[in-house]
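# Structural description and commentary
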Amino acid sequence: MDWLNILIEPLSYPFMQRAIIVSITTGFVCAILSCFLVLKGWSLMGDAISHAVLPGIVLAYLGGIPIVIGAFISGFCCSLATGYIKENCRVKEDTVMGIVYSGMFAFGLVLFSKVDTEQHLNHILFGSLLGTTKAELYQIVIIATIVSLIVLFKRKDLMLYCFDPVQAKVIGLSVRLLHYGLLAFLALTIVASLQAVGVILVIAMLIAPGIIAFLLSRRFERMLVIAVVVSISSCTFGTLISFHYSASSSACIVLIQALIFIIAQCYRLVSNYYHTTLNKKYVHTS
Amino acid sequence: MNDHVHPVTLDVKNLTVTYNNGHTAIHDVNFTLRGGTICALVGVNGSGKSTLFKSIMGMVKPSKGHVALNDTPVTATLKQNIIAYVPQTEEVDWDFPVLVSDVVMMGRYGKMSFLRIPSKEDKRQVDIALELVNLSALKNRQIGELSGGQKKRVFIARAMAQQGRVLLLDEPFTGVDVQTENAIIDLLKTLREKGHLILVSTHNLGSVPEFCDQVVLFNRTVLTYGPTKTTFTPQNLMQTFGGALRYLSLSGSQLHDDEDSRIVSVLTDDERAAVFYGEGENQPPHDNLLIDELRTK
């Protein structure tokens, strides 16, 4: 009964209850987005948006508007600027993105040292899951629910857009709307996840569940389910572990996801090996 | 609407596409096609064939001119699902977690409601399309688990399931075995009889006269277009491809011992060659190009 206590005991603290709820909700919404991100090849875009929110956070504080809105606008602007520059010059997208987001991040850092906000830089960079307040909890749950619902309802259109944008266009869908819609949902997801994992590690939450599920599935619906299960369980256990070992919770979550990825990759290699040897045998006998 | 009463028309007028980086991919493209035709779009790599396709599908905005489908700008007709598209094999992410039947179902999305829940009719059409290209047995395979010819057929099935009356195929014969190639050609021929408008971009010069009744020769603009018989000539091909064609010419006496003294010309870029017969002795079909060759030498 000892290990059960390890799971139950933390939940008697209100701050841990909040932490668990937040990590599960962000885990859920990140898992769904991660499937699209992995398939669309937008991993760097996720990283870019998450770094680019920093100036928005500081400016929002200065302007007295909610931090979430500032962060969202700032992150979304990064992807718009990248798209615009790419269309109008000969440089490749990832190169443009690299300079845009690091530039914005640097601007944010400079602003941060000049402006006296009540935010801690460490909390923005690495999250502070265990220090979530009630107001933040509501905010995260509302954003995550809205994004998850819309993306899940529109998953087939978004999936078609990732798979074959030309077909999406030809059957009369608005490719532009799908593109910017997905970018906006990505930015919202990142903003919602900052509390839990912070700027630096949010990209792991947005890639790991998707890539693990990708390795283990042949159909998109199954991929979504696996990603959600992997993400929620790693978030829950990561949070519990961080409580017991008083380690950084975001690091614990990401570490678990990285471990699951390695296991999934090994499984894939072994099963591929079996498949090819079995096929060879089949060819020889037939 | 009956196909035979209103044959579909595709009208490309003064079409110029300049990308934002200043590159003009195609300029002043003009041609008109009516339903009940298979038209080959022939040109070298990088001649703007893909850009032309993209503008016909409304993917790129023309900087000048327009593309009209049944006298309506093409972007306004997309919702009617008239155009079906078969992409190049290289453009598809074959690791994507979708099954063969999932891909074919994508052809039906435009006919489904907001949430894209397939109806019985959608499922029936998917089965029919799979049957048509002989892939029913493989419908639960992930698309990466297919051979080259099967991969191509999946997307042809998707176009069939969509039931569009305009069909665009981008290099449908690259990496495809002869059997599949013949099956695709037969399928296209039956669609032509039903009044479909089919535009095929191809490198496969040899098969063009076999199934295409019209040809558009293309290099950044339409060099010439018209019925295959009068347009698909060695002279025109040489002009289209410049020096990029391999060609070989043989006189009758070199080939065989009979009375047939016609000279044979073989033109090819990288796939099946086009073979032309001359009129009589000493009269090669590529008359003027031979002179050009000699001149350059």
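Here, residues in each chain are numbered from 1, in the same order as that chain's written sequence. The order in which chains are written sets their letters, starting at A; the order in which ligands are written sets their numbers, starting at 1. Predicted model: local features are reported for residues with pLDDT of at least 70 only, side-chain atom pairs are reported and counted for 80 or more only, and whole-chain, interface and lining totals are derived from all residues.

Helix and strand definitions here come from DSSP, where helices need a minimum of 4 consecutive H or I residues and strands a minimum of 2 consecutive E residues; each element is numbered from the N-terminal end. If you tally the helices and strands in chain B, you get 11 helices and 13 strands. Here the contact rule is simple: place C-beta atoms from the backbone, and any two residues whose C-beta atoms are within 7 Å are in contact. Here the analysis covers contacts within chain B between residues at least 6 apart in sequence; of these, 63% occur between residues at least 24 apart.

All names here are of chain B. Within a predicted model, pLDDT stands for the predictor's per-residue confidence, ranging from 0 to 100. When pLDDT is averaged along chain B, the result is 86, and 88% of the positions lie at 70 or above. Per-element averaging of pLDDT across chain B places helix H11 (residues 287–296) at the bottom with 43 and helix H3 (residues 100–106) at the top with 96. Confidence drops under pLDDT 50 across residues 287–297; counting only partners more than four residues distant or on other chains, this segment forms 5 contacts. Predicted as a complex, the structure gets a pTM of 0.88 and an ipTM equal to 0.89.

Okay, the sheet that holds strand S10 (residues 222–227) of chain B next. All names here are of chain B. The strand order across the open sheet formed by 6 strands is S6-S7-S8-S3-S9-S10, and the pairing between neighbours is mixed. The open sheet has two edge strands with one neighbour each: strand S6 (83–86) and S10. The average undirected angle you get between the axes of adjacent strands in this sheet is 15°. The pairing of strand S7 (residues 166–170) with strand S8 (residues 197–201) spans 5 bridges and is parallel. What sits directly across from Leu169, in S8, is Val200. Each axis is a line fitted through C-alpha atoms, taken for helices only over the stretch in contact, and angles between the N-to-C directions span 0 to 180 degrees. On the sheet, helix H9 (residues 234–241) packs against strand S3 (37–42), strand S9 (214–218) and S10 and is oriented at approximately 150° with respect to S10. At least two DSSP bridges between two strands are needed for those strands to be called paired.

Let's shift gears to the domain arrangement of chain B. Residue and element names in this part refer to chain B. Domain annotation of chain B identifies domain 1 (9–231) and domain 2 (240–296). Facing 12 residues of domain 1, the contacting portion of domain 2 comprises 11 residues. Think of it as three bins: nonpolar holds Ala, Val, Leu, Ile, Met, Phe, Trp, Tyr, Cys and Pro, charged holds Asp, Glu, Lys and Arg, and polar takes everything else, Gly as well. Per-class residue counts for the side of domain 1 that touches domain 2 are 6 nonpolar, 6 polar and no charged. Domain borders in the structure are assigned automatically or taken from a domain database.

Quick look at the pairing of S10(B) now. Residue and element names in this part refer to chain B. Bridging between S9 and S10 involves 5 bridges; their strand directions are antiparallel. If you follow Val215 over to S10, its bridge partner there is Gly226. Between S9 and S10, which pair antiparallel and follow one another directly, the connecting turn spans 3 residues, one of which, Arg220, has a positive phi of 65°.

Counting residues at the interface gives 23 residues for chain B and 23 residues for chain A. Elements supplying a minimum of two residues to the side of chain B that touches chain A: S6 and H3 of chain B. When the residues that make up the side of chain B that touches chain A are grouped by side-chain class, the tally is 13 nonpolar, 6 polar and 4 charged.

Time to look at the sheet that holds strand S1 (residues 9–18) of chain B. All names here are of chain B. If you trace the 4 strands from one edge of the open sheet to the other, you get S2-S1-S4-S5, paired in antiparallel fashion. One side of each edge strand has no neighbouring strand; the edge strands of this open sheet are strand S2 (24–34) and strand S5 (72–73). As paired strands, strand S4 (residues 64–69) and S5 are joined by 2 bridges and run antiparallel to one another. Its bridge partner lying in S5, Leu69 is registered against Thr72. Against the sheet, helix H1 (residues 49–56) contacts S1, S2 and S4, and its axis sits at roughly 60° relative to S2.

On to the nonpolar core, then. In this structure, A:Val191 and B:Leu168 are the most contacted members of the largest nonpolar core, which totals 161 residues. For this core, the leading source of residues is helix H10 (residues 175–216) of chain A, giving 25 residues. Three or more residues apiece are contributed to this core by two domains, here domain 1 (9–231) and domain 2 (240–296) of chain B. Residues in contact with B:Leu168, not counting those within four places in the same chain, are B:Phe53, B:Ile56, B:Met57, B:Ile83, B:Tyr85, B:Val86 and B:Leu199. In plain words, the nonpolar core is the set of buried Ala, Val, Leu, Ile, Met, Phe, Trp, Tyr and Cys residues that C-beta atoms within 7 Å link up. Burial is judged by counting other C-beta atoms within 10 Å of a residue's own C-beta: 20 or more means buried, 12 or fewer means exposed, and anything between counts as partly exposed, with every C-beta placed from the backbone.

The subject of this paragraph is the environment of A:Leu152. Positionally, A:Leu152 belongs in helix H7 (residues 134–153). Between the C-alpha atom of A:Leu152 and that of A:Ile32, which follows or precedes it by 120 residues, the distance is 7.9 Å.

Of the residues in chain A, 97% reach a pLDDT of 70 or more, and the chain-wide mean stands at 91. The weakest mean pLDDT in chain A belongs to helix H1 (residues 2–8) of chain A at 81; the strongest belongs to helix H8 (residues 155–163) of chain A at 96.

All names here are of chain B. The terminal C-alpha atoms of helix H4 (residues 120–132) lie 18 Å apart, and with 13 residues this matches the ideal 18 Å at 1.5 Å per residue to within 8%. Taken as a whole, H4 has its buried residues at Gln125, Val126, Ala129 and Leu130. Burial along H4 is one-sided: seen end-on, the buried residues are contained in an arc of 135°. In H4, the exposed positions that point more than 90 degrees away from the buried face belong to Lys120, Glu121 and Arg124. Residues of H4 that are buried sit in contact with H3 and helix H5 (148–162). Count one or two residues on from H4 and you reach Asn134, which has phi positive near 65°. To estimate the expected span of a helix, subtract one from its residue number and multiply by 1.5 Å. As used here, the arc belongs to the directions running from the helix axis to the C-beta atoms.

In this section: the packing of H10(A) against helix H11 (residues 220–245) of chain A. Residues and elements named next belong to chain A. Relative orientation of the contacting elements H10 and H11 amounts to 130°, with a least axis distance of 8 Å. In terms of orientation, H10 and H11 fall into the oblique class. As for how H10 packs across H11, the hand of that crossing is right-handed. Residues Pro209, Gly210, Ile212, Ala213, Phe214 and Leu216 of H10 touch H11, and the partners they reach there are Met223, Ile226, Ala227, Val230 and Ser231. Any angle between 65 and 115 degrees counts as roughly perpendicular, while under 35 counts as roughly parallel, over 145 as roughly antiparallel, and the rest as oblique. Handedness of a crossing follows from how the near helix is turned relative to the far one, being left-handed for an anticlockwise turn of less than a right angle and right-handed for a clockwise one.

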